[in-house]
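The lines below spell out each chain.
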Amino acid sequence: MQDNRNGRRDRHFYTLPLTDYLWLVTDELKEFLDSKVEEYNTPAFINDDPICIPHAFSSRQDIEIAALFASVFAWGNRTIIIKKSKEVLQRMDNAPYDFVVHHKDNDLRRLLGFKHRTFNDTDLLYFVHFLHHHYTYSDTLETAFTSGLNEGDTTIENSLNYLSRYFFSLDEAPARTKKHIAAPARNSTCKRLNMFLRWMVRNDRCGVDFGIWKKISPAQLVCPIDVHVARVAIRFKLLQRNQVDWAAGLQLTNNLRNLDPVDPVKYDFALFGLGVVERF
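Residues numbered from 1 in each chain as written. Predicted model: local features only at pLDDT ≥ 70, side-chain atom pairs only at ≥ 80, totals over all residues. Heavy atoms only, no water.

Caption draft 1: Examining the pattern of salt bridges more closely. Counted under the stated rule, the structure contains 20 salt bridges. D209 is paired through a salt bridge with R198; the nearest N and O atoms lie 2.9 Å apart. On the criterion of sequence distance, the pair formed by D209 in the loop between α8 (191-201) and α9 (227-235) and R198 in helix α8 is long-range, its members being 11 residues apart. In terms of burial, D209 and R198 fall into one category: buried. K266 serves as the salt-bridge partner of D260, at 2.9 Å between the closest nitrogen and oxygen. Comparing D260 with K266 shows no difference in burial state: the two are buried. Three or more residues joined by partner-sharing salt bridges are found here, namely R198, R202, D204, D209, D263 and D268. (Salt bridge = Lys/Arg side-chain N within 4 Å of Asp/Glu carboxyl O. Helix = DSSP H or I, 4+ residues; strand = E, 2+ residues; numbered from the N terminus. Buried < 20%, exposed > 50% of the residue type's maximum accessible area, 1.4 Å probe, protein only.)

Caption draft 2: Examining the nonpolar core more closely. By size, the foremost hydrophobic cluster in this structure holds 88 residues, and its most contacted members are L33, F69, L141 and F145. Per-element accounting of this core gives the leading share, 8 residues, to helix α2 (residues 60-72). Excluding anything up to four places from it in sequence, L33 contacts F236, L238, L259, Y267, A270 and L274. (Core = buried A, V, L, I, M, F, W, Y, C linked by side-chain atoms within 4.5 Å. Contact = heavy atoms within 4.5 Å.)

Caption draft 3: Structural view of empty space enclosed by the protein. On inspection of all chains with the given rule, the structure shows 1 cavity of 30 Å³ or more. One number sums up the size of the largest cavity: a volume of about 40 Å³. If you go around the largest cavity, the residues you meet are L68, F130, L141, F145, L163, F167 and I181. When its residues are assigned to classes, the lining of the largest cavity shows 7 nonpolar, no polar and no charged. (1 Å grid on protein atoms, 1.4 Å probe; cavity = no way out; pocket = protein on both sides within 12 Å on 5 of 7 lines; lining within 4 Å. Points joined across faces, edges and corners; volume = space filled by probe spheres on them. Nonpolar A, V, L, I, M, F, W, Y, C, P; charged D, E, K, R; others polar.)

Caption draft 4: Just the layout of surface pockets, in detail. Roughly 380 Å³ of volume is contained in the largest pocket. Together, 20 residues line the largest pocket, and R78, K191, D226, F272 and V276 are the ones closest to its centre. Where the lining of the largest pocket is concerned, the elements lending two or more residues are α3 (78-90), α8, α9 and α11 (267-277). If one sorts the elements of the lining of the largest pocket by residue count, α11 sits on top with 4 residues.

Caption draft 5: Region of the structure containing the side chain of E142. By the element assignment, E142 lies in helix α6 (residues 142-146). Judged by its relative accessible area of 5%, E142 is buried. Polar contacts involving the side chain of E142 include one to the main-chain amide nitrogen of K215, which spans 2.9 Å. With residues up to four places along the chain from it excluded, the contact list for E142 reads R60, E64, W213, K214, K215 and I216. (Polar contact = N/O pair within 3.5 Å; in protein donor to acceptor, adjacent residues only side chain to side chain.)

Caption draft 6: Highlighting the packing of α2 against helix α5 (residues 121-137). As a packed pair, α2 and α5 sit with axes 13 Å apart at the nearest point and diverge in direction by 150°. With respect to their mutual orientation, α2 and α5 come out roughly antiparallel. At the point where α2 passes α5, the crossing takes the right-handed sense. Judged by residue contacts, Q61, E64, I65, L68, F69 and V72 of α2 engage L124, F127, L131 and Y135 from α5. Residues belonging to the contact of α2 with α5 are distributed by class as follows: 8 nonpolar, 1 polar and 1 charged. (Axes fitted to C-alpha atoms, helices over the stretch in contact; angles between N-to-C directions. Parallel < 35°, antiparallel > 145°, perpendicular 65-115°, else oblique. Left-handed = near helix turned anticlockwise from the far one by under 90°.)

Caption draft 7: Region of the structure containing the packing of aromatic side chains. Under the defined criterion, the tally for this structure stands at 20 aromatic pairs. With 5.8 Å between their ring centres and 65° between their planes, Y126 and F167 make a pair best called edge-to-face. Of this pair, Y126 sits in helix α5 while F167 is found in helix α7 (residues 157-167), placing the two residues 41 residues apart along the sequence. For the pair formed by Y126 and F167, the shared burial category is buried. Three or more aromatic residues joined by ring pairs form one cluster here, namely F69, F73, F114, F119, Y126, F127, F130, Y162, Y166, F167 and F168. For R198, the ring lying beneath its charged end belongs to F269, and the centroid distance is 4.2 Å. (Phe/Tyr/Trp six-rings, centres within 6.5 Å; stacked < 30°, edge-to-face > 60°. Lys NZ or Arg CZ within 6 Å of the ring centre and 35° of its normal.)

Laid out in structure tokens, this is it:
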């Protein structure tokens, strides 16, 4: 046992050989992961994470739009993700909802030339087009997800599949843009959209996630998963599947429900912190 930076005494599981992880009981694992959630689920986490982008705004719609772009851009180096997210919002005068709803054709010129990895100005123009369409009929992006949610759904799988169909239902939808809105039906992990939903839905009063959407339960969320999270999850026997896909996300989340059935995705903080920050 050793004191961590918050003064708690945590069992250093990561000093054990891999075979020793087999004997860890749920109570021990829960205690350890809960301590890591507490360590990383703090306002100090915000500045170096893409979630800092929506935290720059106060209105619901600005938060939604800023969070959507920050999550869609969230692959690769976090410093670059934050930089490119700020750039796209600066091109909208840091008033994304006003820009999306009230822009004139001339205003769209300032979006030309934007690029982040495979996301370019064609994709950006369509995102703005879709958001303009959606906010014409709804005052929140939440309905773009919840319209696909069925009574009795235990996860947001149907919601994500609906979003993908709805997002590309407009006549002008470019085929190239479809890779930026993932769907379980295409066996994607949907990591970035699951992260976006975590931000919007979870409300634990810790100051990181926003919790401004109330029609989706935290219990329905699916844990964002990538190779870093999967590596940690496999070591703790929270994941048995080698392929990192939608089924892996479901398997991981189902196992996390054994630790907290009400809020399983809070452990995203622990798994991310261990995998990316601590290089576990």
